[in-house]
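Listed here are the chains, written in short residue letters.
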Amino acid sequence: MSEALWGKLIDMVPAMLWVVFAFVVYLGLRKPLREALPRMTKIGALGVVEVEFAEVERLLTKAVESSGQEETEPLVSRADRQAVIRRLDHAAVYLKGGRILWVDDLPEGNSYLTALFRQLGMVVDEVTSTDEALAHLERNAYDLVISDIHREMDGQAGIKMLHTFRARGINLPVVIHAARFDPTLGVDPMIFGGTNRVDDVVHYVIDIMERVRLGDG
């Protein structure tokens, strides 16, 4: 082999090494980048930031930590939280602009979840009684209601509220979020889903909003 050819080959070595290096880096970072993408800022078609998934994930984690997780069975794991984030990455477009009426006499217990839904572009109005809920429903349109069951001294306040809704012709899907929810006692037909788990609440809201947006509700 001529010296000239050897010289050309030697000159090509640095470029080839950079190609190999870039390929190795790609292989090493491919999985972490793929897992991180759903948590990065989501950019809309016009370049407008729609959702900051890092903040959504933080709020979800805080909601789980503050929810008395020891009362849930099974526990809400990190994998459960990641499943919510992955689903929100695809369903956020359905939630944006949705309206939730949340009925709970202890609204501070839902602060992280309400912040999460608002971060996703939803309107969340919070009330503490059935009377307040009815007043809001007369003035505003909502896509769903989230409610507790036990309020003050009435252990069935949330269920009685559903009876009032039906009597007044209010037909909205209702998600029951209560530590003492027991479906074995019977489930009212208006109840779309009931749970004591934070992740389930988010999944139910996604389910409802997908039906609303796709015309299946």
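Below is a short write-up of the structure. (Residues numbered from 1 in each chain as written. Predicted model: local features only at pLDDT ≥ 70, side-chain atom pairs only at ≥ 80, totals over all residues. Heavy atoms only, no water.)

### Section: the packing of helix 2 (residues 53-65) against helix 4 (residues 111-119)
Here's step 1: For the pair helix 2 and helix 4, the least separation of the axes is 8 Å and the interaxial angle reads 160°. Judged on the interaxial angle alone, helix 4 and helix 2 are roughly antiparallel. Helix 2 and helix 4 meet at a crossing whose hand is left-handed. Taking contact as the criterion, the partners of Glu55, Val56, Leu59, Leu60, Lys62 and Ala63 in helix 2 are, on helix 4, Tyr112, Leu113, Ala115, Leu116 and Gln119.
Here's step 2: Here the contact of helix 2 with helix 4 is composed, by residue class, of eight nonpolar, one polar and two charged. (Axes fitted to C-alpha atoms, helices over the stretch in contact; angles between N-to-C directions. Helix = DSSP H or I, 4+ residues; strand = E, 2+ residues; numbered from the N terminus. Parallel < 35°, antiparallel > 145°, perpendicular 65-115°, else oblique. Left-handed = near helix turned anticlockwise from the far one by under 90°. Contact = heavy atoms within 4.5 Å. Nonpolar A, V, L, I, M, F, W, Y, C, P; charged D, E, K, R; others polar.)

### Things to note about unusual backbone geometry
Here's step 1: Residue Glu152 is not a glycine yet carries a positive backbone phi of 55°.
Here's step 2: Its place among the elements puts Glu152 in the loop between strand 5 (144-147) and helix 6 (157-167).
Here's step 3: Overall, the relative accessible area of 67% leaves Glu152 in the exposed class. (Buried < 20%, exposed > 50% of the residue type's maximum accessible area, 1.4 Å probe, protein only.)

### A word on the packing of aromatic side chains
Here's step 1: One pass over the structure, following the stated rule, counts one aromatic pair.
Here's step 2: Judged by centre distance (6.1 Å) and plane angle (90°), the rings of Phe192 and Tyr204 are edge-to-face. Here Phe192 is found in strand 7 (residues 191-195), whereas its partner Tyr204 is found in helix 7 (residues 198-214), with 12 residues between them in sequence.
Here's step 3: The ring of Tyr142 is capped by Arg99, whose NZ or CZ atom sits 5.2 Å from the centre of that ring. (Phe/Tyr/Trp six-rings, centres within 6.5 Å; stacked < 30°, edge-to-face > 60°. Lys NZ or Arg CZ within 6 Å of the ring centre and 35° of its normal.)

### A word on the side chain of Thr114
Here's step 1: Within the fold, Thr114 resides in helix 4.
Here's step 2: Of the residues examined, Thr114 reaches a relative accessible area of 2% and is grouped as buried.

### Quick look at the environment of Val124
Here's step 1: Tracing the chain through its elements places Val124 in strand 4 (residues 123-127).
Here's step 2: In the structure, Val124 is positioned 24 residues away from Ile100 in sequence and 4.8 Å away in space, judged by C-alpha atoms.
Here's step 3: Not counting the four nearest positions on each side in its chain, Val124 is found in contact with Ile100, Trp102, Thr114, Phe117 and Arg118.

### Some details on the pattern of salt bridges
Here's step 1: Going through the model one piece at a time under the given rule, you end up with 11 salt bridges.
Here's step 2: Here Glu126 makes a salt bridge to Arg118, at a shortest N to O gap of 3.5 Å.
Here's step 3: Glu126 gets classed as partly exposed once you look at its relative accessible area, which sits at 33%.
Here's step 4: Bridged by salt links that share partners, the residues Asp80, Arg197, Asp199 and Asp200 form one connected network. (Salt bridge = Lys/Arg side-chain N within 4 Å of Asp/Glu carboxyl O.)

### Digging into the pairing of strand 5
Here's step 1: On strand 5, burial covers both faces: Leu144 and Ile146 on one face and Val145 and Ser147 on the other are all buried.
Here's step 2: The sheet contact formed by strand 5 and strand 6 (residues 174-177) spans three bridges and is parallel. Looking across to strand 6, one finds that Val145 is bridged to Val174.
Here's step 3: Regarding the hand of the β-α-β motif, the stretch spanning strand 5, helix 6 and strand 6 is right-handed. (Pairing = 2+ DSSP bridges. Right-handed = clockwise from strand over helix to strand, strands pointing away.)

### Details of the nonpolar core
Here's step 1: Of all hydrophobic cores here, the largest spans 31 residues; its most connected members are Leu88, Phe117 and Ile146.
Here's step 2: Those elements that provide at least two residues to this core are helix 2, helix 3 (78-95), strand 3 (99-103), helix 4, strand 5 and helix 7.
Here's step 3: When residues in this core are grouped by element, the largest group, seven residues, is from helix 7.
Here's step 4: Beyond its immediate sequence surroundings of up to four residues, Ile146 is in contact with Ile100, Leu101, Trp102, Val103, Phe117, Val175, His177, Val201 and Val205.
Here's step 5: If you look at the next biggest cluster of nonpolar residues, it comprises 20 residues, including Leu101, Val145, Val174 and Ile176. (Core = buried A, V, L, I, M, F, W, Y, C linked by side-chain atoms within 4.5 Å.)

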